[in-house]
Amino acid sequence: VTRPVVVPARPLGFRTDMESAWDGDGFDALVRRNQPRLFRIIRSLVWDPDAAATLTQECFLRAYRGRADFRGAATLDTWLVSIALNIARDHLKSRRQSFWRRLVRGSDTAIDGEAAWPDPAPSPERTLAGREALARVFAVVEELSPQQREAFVLRFVEEMSLDEIAGALGVTEGTVKAHLHRATTAVRRRVKEAR
Amino acid sequence: MTTHLTDEQLSAVLLTEDDAAARRHLDSCPECARDLAAVQADISEYARDARQRSGRPEEFWRDQRVALDGRRRHDRTRRLAAWTSVAAAACAALWLGVRPPAPRPTSTAVDADDALLVAVQRSLRRDVPSALEPVELLVADIGADAESAARP
């Protein structure tokens, strides 16, 4: 006689970690934990603090709306970073398009009085050496491709591991290493030129 | 002649990957050690600046959370409204689908319709409309009287 397999019932009110991350308190905790980090990443990429604030909000909202798509292949935090990167990329693309549209229409001023690329001027309290160092790295970052720039920010500003960066960018660890190698080599070259 | 660290090796050290040969070389080569320190200092300066520029007071984060909560609530309300409309449409469709069919005409109604049709056809076939029938009779009577008077 075969006995029927008894599947233990889910206790009433039981919620997985994944589900509870999206309810009131869970979502609030998720936002609190990731807010400064996502803002920093987006700001480092789009260089407009107001836009970065809006895009950070957008990032959480997009994650909330697409919560069903999160399969748990990466951590929730890494998934949020990948959404932030996509949002920053879209924003830069539309900003570039808008810049060219304005240029074609006959106005060569940047969008809404904002520089197309950041003013790398450091704060006044920075030392001269610090300011020079900053200018060198800015020049390098400006020359990088979007994905190389993202890898650079995630690694050196956010101190994420290569594995996490690969997850957020959706590439292999080898690709991340290649991106970072390109950036560090360029910085090394600039340092040598400055001597 | 000393072989200095390649870009790949320096990059690997910066990424804190284990490269024992590169580490040994750095211990004995002041030039490469200086190179590495300079690159590290530049990148650290960039990272420090990025963090500094992104620093915000607690109110900023709180305001952002409040705004986000509002947008999320608005989103939920909109979605609820959309679902309500869909449910109402589904109910309407269901009601239309299960509503009893319109009653078929009974045989009595059919007979009455046929009788009316026959009457109309008869009326059309007549030379004189039914409303003028008395006048027709009157004219016939007058004609008959005149005929009998004329007879010798």
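Bear in mind the structure is a predicted one, so any value in this text is a computation, not a measurement. (Residues numbered from 1 in each chain as written. Chains lettered and ligands numbered in written order. Predicted model: local features only at pLDDT ≥ 70, side-chain atom pairs only at ≥ 80, totals over all residues. Heavy atoms only, no water.)

Caption draft 1: Representation of the overall build of chain A in the model. Scanning chain A from N- to C-terminus turns up eight helices and zero strands. In chain A, the order of α-helices and β-strands from amino to carboxyl end is α-α-α-α-α-α-α-α. Taking as baseline every contact in chain A between residues at least 6 positions apart, the subset at least 24 positions apart corresponds to 57%. On chain A, roughly 10500 Å² of surface is accessible, and the fraction owed to carbon and sulfur atoms is 53%. (Helix = DSSP H or I, 4+ residues; strand = E, 2+ residues; numbered from the N terminus. Contact = heavy atoms within 4.5 Å. Areas by Shrake-Rupley, 256 points an atom, 1.4 Å probe, with all protein chains shown as cover.)

Caption draft 2: Up close: the interface of chain A and chain B. Listed per partner, the contact involves 54 residues of chain A and 38 residues of chain B. Roughly 4300 Å² is buried in total at the junction of chain A and chain B, and carbon and sulfur atoms are behind 54% of that figure. Linking chain A to chain B there are seven salt bridges. For the salt bridge of Asp35(B) with Arg188(A), the shortest nitrogen-to-oxygen distance reads 3.0 Å. (Buried area = accessible area lost by both parts, 1.4 Å probe. Salt bridge = Lys/Arg side-chain N within 4 Å of Asp/Glu carboxyl O.)

Caption draft 3: Looking closely at the pattern of salt bridges. Counted by the stated rule, this structure contains 19 salt bridges over all chains. Linking Asp75(B) and Arg65(A) is a salt bridge whose minimum nitrogen-to-oxygen distance equals 2.9 Å. Linking Asp75(B) in helix α4 (residues 58–98) with Arg65(A) in helix α3 (residues 49–65), this pair reaches from one chain into another. Residue classification places Asp75(B) among the buried residues on the basis of a relative accessible area of 5%. Among the ionic pairs, Asp35(B) bridges to Lys192(A), the shortest N-O distance being 3.8 Å. (Buried < 20%, exposed > 50% of the residue type's maximum accessible area, 1.4 Å probe, protein only.)

Caption draft 4: Region of the structure containing the nonpolar core. The biggest cluster of nonpolar side chains holds 72 residues, and the ones touching the most others in it are Trp22(A), Phe27(A), Val81(A), Leu85(A), Phe152(A), Leu154(A) and Tyr46(B). Of all the elements, helix α4 (residues 76–104) of chain A adds the most residues to this core, at 10 residues. (Core = buried A, V, L, I, M, F, W, Y, C linked by side-chain atoms within 4.5 Å.)

Caption draft 5: Highlighting the packing of aromatic side chains. A complete count under the given rule lists nine aromatic pairs over all chains for this structure. Their ring planes at 80° and their centres at 5.6 Å tell us that Phe39(A) and Trp61(B) sit as a pair that is edge-to-face. Remark: Trp61(B) occurs in helix α4 and Phe39(A) occurs in helix α2 (residues 24–46); the pair is interchain, linking two chains. The residues Phe39(A) and Trp61(B) share a single accessibility class, namely buried. On the numbers, 5.5 Å between centres and 55° between planes, the contact of Phe152(A) with Tyr46(B) is tilted. Within this pair, whereas Phe152(A) is found in helix α6 (residues 146–157), its partner Tyr46(B) is found in helix α3 (residues 30–54), the two belonging to separate chains. Grouping residues by exposure puts Phe152(A) and Tyr46(B) together as buried. The structure contains a cluster of three or more aromatic residues connected by ring pairs, namely Trp47(A), Phe138(A), Phe152(A), Phe156(A) and Tyr46(B). Note that Arg67(A) overlies the ring of Tyr64(A), its terminal NZ or CZ placed 4.1 Å from the centroid. (Phe/Tyr/Trp six-rings, centres within 6.5 Å; stacked < 30°, edge-to-face > 60°. Lys NZ or Arg CZ within 6 Å of the ring centre and 35° of its normal.)

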